[in-house]
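Examination of the molecular architecture
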Number of protein chains: 2
Amino acid sequence: MALSKKPVTGMKDILPEEMEIRDYVISVIKETYASYGFTSMETPCVENIANLNCKAGGENEKLIFKILKRGEKLRLAEAESEGDLVDGGLRYDLTVPLVRYYSNHANELPSPFKALQIGNVWRADRPQRGRYRQFMQCDIDILGEASNLAEIELILATTTTLGKLGFKDFQIRINDRQILKAMASYSGFSEDDYDNVFIILDKMDKIGLEGVQAELLEAGYTNAQVEKYLGLFRDMEASEDAVAYIMDVLADILPEGVREGFQEIIESVEATKGDFFELRFDPTLVRGMSYYTGTIFEIAMPEFGGSCGGGGRYDKMVGKFTGNDVAACGFSIGFERIILLLTESGFQVPKAGKKIAYLMEKGIPADMLCKVLAQAQKEREEGNQILVARMNKNKKFQKEQLTAQGYEDFKEFYKEPLK
Amino acid sequence: MALSKKPVTGMKDILPEEMEIRDYVISVIKETYASYGFTSMETPCVENIANLNCKAGGENEKLIFKILKRGEKLRLAEAESEGDLVDGGLRYDLTVPLVRYYSNHANELPSPFKALQIGNVWRADRPQRGRYRQFMQCDIDILGEASNLAEIELILATTTTLGKLGFKDFQIRINDRQILKAMASYSGFSEDDYDNVFIILDKMDKIGLEGVQAELLEAGYTNAQVEKYLGLFRDMEASEDAVAYIMDVLADILPEGVREGFQEIIESVEATKGDFFELRFDPTLVRGMSYYTGTIFEIAMPEFGGSCGGGGRYDKMVGKFTGNDVAACGFSIGFERIILLLTESGFQVPKAGKKIAYLMEKGIPADMLCKVLAQAQKEREEGNQILVARMNKNKKFQKEQLTAQGYEDFKEFYKEPLK
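The notes below deal with the structure included here. (Residues numbered from 1 in each chain as written. Chains lettered and ligands numbered in written order. Predicted model: local features only at pLDDT ≥ 70, side-chain atom pairs only at ≥ 80, totals over all residues. Heavy atoms only, no water.)

**What to know about the nonpolar core**
Counted only if it meets this: Among buried residues, the Ala, Val, Leu, Ile, Met, Phe, Trp, Tyr and Cys ones that are joined through side-chain atoms within 4.5 Å form a nonpolar core. A simple rule labels every residue: compare its accessible area, found with a 1.4 Å probe on the protein chains alone, to the largest value its type can have, and call it buried under 20%, exposed over 50%, or partly exposed in between. Throughout, a contact is declared for two residues whenever any of their heavy atoms are within 4.5 Å.
Ranked by size, the top nonpolar core spans 243 residues in total, and within it Met301 of chain A together with Met301 of chain B carry the most contacts. In this view, methionine 301 of chain B contacts Leu162, Phe167, Phe170, Cys308, Ile338 and Leu341 of chain B; residues no more than four positions away in its chain are not counted. In this structure, Met11 and Cys45 of chain A together with Leu90 and Ala124 of chain B belong to the second largest nonpolar core, which totals 18 residues.

Listed below in structure tokens is the structure:
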């Protein structure tokens, strides 16, 4: 037998210290989102392979862990391609399964449906430091709410949760795919070019306005288009109220209600939120997934280079399963990044009760053991963590180890009273 | 695109009502086991296929969901058998991964290591009512504790958890593989026959003493063997203290310390436990897995035909990975059965705070929206669940729906004061 002690390539074992933080974060998430009326739900980790390949997964579809057919259905000799061998795959996100779930159960679910999902997803990405092939996602979604109340509640619930975990001075960046499109249209790009233009725009953070200009020109767009487009960003930058400015410019192009809806999100979040984070209109925010149809948002943490989560409105995805579109909007927290940031900052999980270790000399008689156990049961009932352990020969070392695990008090029990 | 609304065959979507119970049960489990000094840990859901096929999984090894190799490693044209195509599989239990994890991290873990795992496992079993191909397991294990303190703490922690969930009048049945073996040896069975004899003995519950007798004879064992063997069970049944009786009979065969260790488990649990469950020596208890080396135990619920969990000592499994045996003992709760029993009994999750729905008339102006949101934030801070929703045209129906979801109070907000 060649047994491997290591986890499979790119996946990780989680040690007790990290698990304690993860369990705590999950409990805060569940409690806070519940206070906003979100209800937990779960789908199987395995999905039909056809669903995973439905084009809603973008690049992730190339990274699926595929599951071999079983029994008679597996016909190796006749198989011509991978597709003949597999019938399922591990989910690469929680959005595709959510939409399938909603399509399957809409009649049994409240409307609007406010869903909380915390679950693992799998992507066969090239393994790299801090990125794993199995990782936890934490998504909230509201299905069946067409109004901007969805965006407002999603942003308030997510930021409140982050605040409870001690995060502050972060930014929520917000934009709208319809503003993005209207700006591109206004500048003379054709609809077929949008995706390409947005991919370049998305690099603004890294390559700046000149870099974006260079890449757009290199991609073959005309000087006039590029100048008009970038002029909008320069003018917004210079204006006192970027939202008002761009809404005025795009007044004739934007669909009805976009301006009012977008401004109301900003106003009401501004009025309600604490001062531990900033809400900022970011006209360069693109978000990768092509399924977004309206508002998009992202969490930017000062301690962390990239995004720590994000989301947006995707009103056209349920229709792929049911034929009838349903308004949908979601916000995903970068769970693993949150854990990483908390771990690196030396975060300590708030304690409930005392951690006390009972150490019993070896060979303690049965009647004394019963008394020790009864006392432990009683102290546990009172809300404490009681570890009952055999006393090691090297008691000093044992106590040092237990202290490192957080045990703050010790009780010792001997066969005979100590002299 | 042929998108399927259903989950994959044999796996299930979990609706909010059931999730609420599951989340609650998990929180009680985590809290109670933590009070006994168990620490959470996690392994990836995917394991190396060689580990899963290590013979520690018994019949489950036939039920593995296997994962296709990826990229260049997948050579379909050259593949001669399934084994050439796969490199991983979904875990079928939490014990094999635990042992791998312990082997990998022993230096970083406390000794003894008291582990709590709550996680999904997958078995490609034939789908049947109430049994799914993905299901949650909840295991506690103590590694590195050779004394019976492991068994005692496992039984106390598990029964206390069940008690907190409202279960009562259940039984913990306890036996020891060494007693089982000594009884077989005493009756003249050879060591090679033990597994076969135990498989038949395991049916005692269903086919009774005569049934077992018939099957043993049919299997070719001698009348003398079978009579002597079954005589032991009859005599125990008739004796006042079955444990004392059988220990006396087997005195010369049992390894040293088994009697004292086993009796101490029973005595100390008896002395410590509340009266909400019964601990009972069951000499017919076998437990399926061949990896058990000592004490074995099982939960029997009156409401439920079969077992609701079980476990035992398996001192020889870590050695398969490391070459050095480590004392190990575990207890697994039948999580899905617990959920099923609670759901069927109409179990209500204890409430924290009030559930209140805010209903806003459509078209409410932004400044009023801000006030509603601020009030909701405040009431959430006070520990309540506040759902902010747009008021439907059919308000009465909407309220009925919300009441069914547990909302017990409503606040209504209109564009203009009601006349």
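**A look at the relation of the copies chain B and chain A**
Rules: Copies overlap after least-squares fitting; the atoms used are the C-alpha atoms of residues with pLDDT of at least 70 in both.
When chain B is fitted onto chain A, the two copies agree to an RMSD of 0.0 Å after a turn of 180° and an axial shift of 0.0 Å. These values place the two chain copies in the arrangement generated by a two-fold rotation axis. If distances are taken from each C-alpha of chain B to the rotation axis, the shortest is found for isoleucine 67 of chain B, at 2.3 Å.

**Some points on the packing of aromatic side chains**
Residue and element names in this part refer to chain A. Selection criterion: Only centres within 6.5 Å qualify two rings of Phe, Tyr or Trp (six-membered ring in Trp) as a pair; their planes then separate them into stacked at under 30 degrees, edge-to-face at over 60, and tilted for everything else. Secondary structure follows DSSP: runs of H or I at least 4 residues long count as helices, runs of E at least 2 residues long count as strands, and numbering of each begins at the N terminus.
Under the defined criterion, the tally for this structure stands at 32 aromatic pairs over all chains. Between phenylalanine 189 and tyrosine 229, the ring centres sit 5.2 Å apart and the planes meet at 80°, which makes this aromatic pair edge-to-face. With a gap of 40 residues between them, phenylalanine 189 in the loop between helix 6 (177-186) and helix 7 (194-201) and tyrosine 229 in helix 9 (residues 223-238) connect regions that are remote in the sequence. Accessibility classification places phenylalanine 189 together with tyrosine 229 in one group, the buried group.

**Details of the side chain of arginine 380 of chain A**
Within the element layout of this structure, arginine 380 of chain A appears in helix 14 (residues 366-381). Non-local contacts of arginine 380 of chain A, meaning those with residues more than four positions away in its chain, are made with Ile386 and Val388 of chain A together with Ser35, Tyr36 and Glu153 of chain B.

**Remarks on helix 5 (residues 149-164) of chain B**
We apply this condition: The span you would expect from a helix comes to 1.5 Å times its residue count less one.
Across its 16 residues, helix 5 of chain B extends 22 Å between first and last C-alpha, which sits within 8% of the 22 Å expected from 1.5 Å per residue. Among the 16 residues that make up helix 5 of chain B, 14 are buried, leaving the element largely enclosed by the rest of the structure.

**Some points on the interface of chain B and chain A**
So the rule is basically this: Summed over both partners, the accessible surface that disappears when two parts come together, traced with a 1.4 Å probe, is what is meant by buried area. Here a polar contact is recorded for every N or O atom pair within 3.5 Å, except that within protein the pair must consist of a potential hydrogen donor and a potential acceptor, and residues adjacent in sequence are included only if both atoms are side-chain atoms. Amino acids are sorted into nonpolar (Ala, Val, Leu, Ile, Met, Phe, Trp, Tyr, Cys and Pro), charged (Asp, Glu, Lys and Arg) and polar (every other residue, Gly among them).
In this complex, chain B contributes 99 residues to the contact, which on the side of chain A involves 99 residues. Three residues stand out in chain B for area buried against chain A, namely Leu3, Lys5 and Glu42 of chain B, and they jointly supply 8% of the buried area on that side. The interface formed by chain B and chain A contains 38 residue pairs in polar contact (both at pLDDT 80 or more). Tallying contributions element by element places helix 14 (residues 366-381) of chain B first for the side of chain B that touches chain A, with eight residues. Residue composition of the side of chain B that touches chain A, grouped by class: 50 nonpolar, 24 polar and 25 charged.

**With respect to the packing of helix 14 of chain A against helix 5 of chain B**
Heads up, the condition is: In this description, a line fitted to the C-alpha atoms serves as the axis of each element, helices being fitted only across the stretch in contact, and the angle between N-to-C directions of two axes falls anywhere from 0 to 180 degrees. Should the near helix be turned counterclockwise from the far one by less than a right angle, the crossing is left-handed, whereas a clockwise turn marks it as right-handed.
Two elements in contact, helix 14 of chain A and helix 5 of chain B, have axes whose closest approach is 12 Å; the angle formed by their N-to-C orientations is 35°. In the crossing of helix 14 of chain A with helix 5 of chain B, the sense of the turn from one axis to the other is right-handed. Along the contact surface, helix 14 of chain A presents Leu369, Leu373, Gln377, Arg380 and Glu381 of chain A, while helix 5 of chain B presents Leu149, Ile152, Glu153, Leu156, Thr160 and Lys164 of chain B. Split by residue class, the contact of helix 14 of chain A with helix 5 of chain B holds five nonpolar, two polar and four charged.

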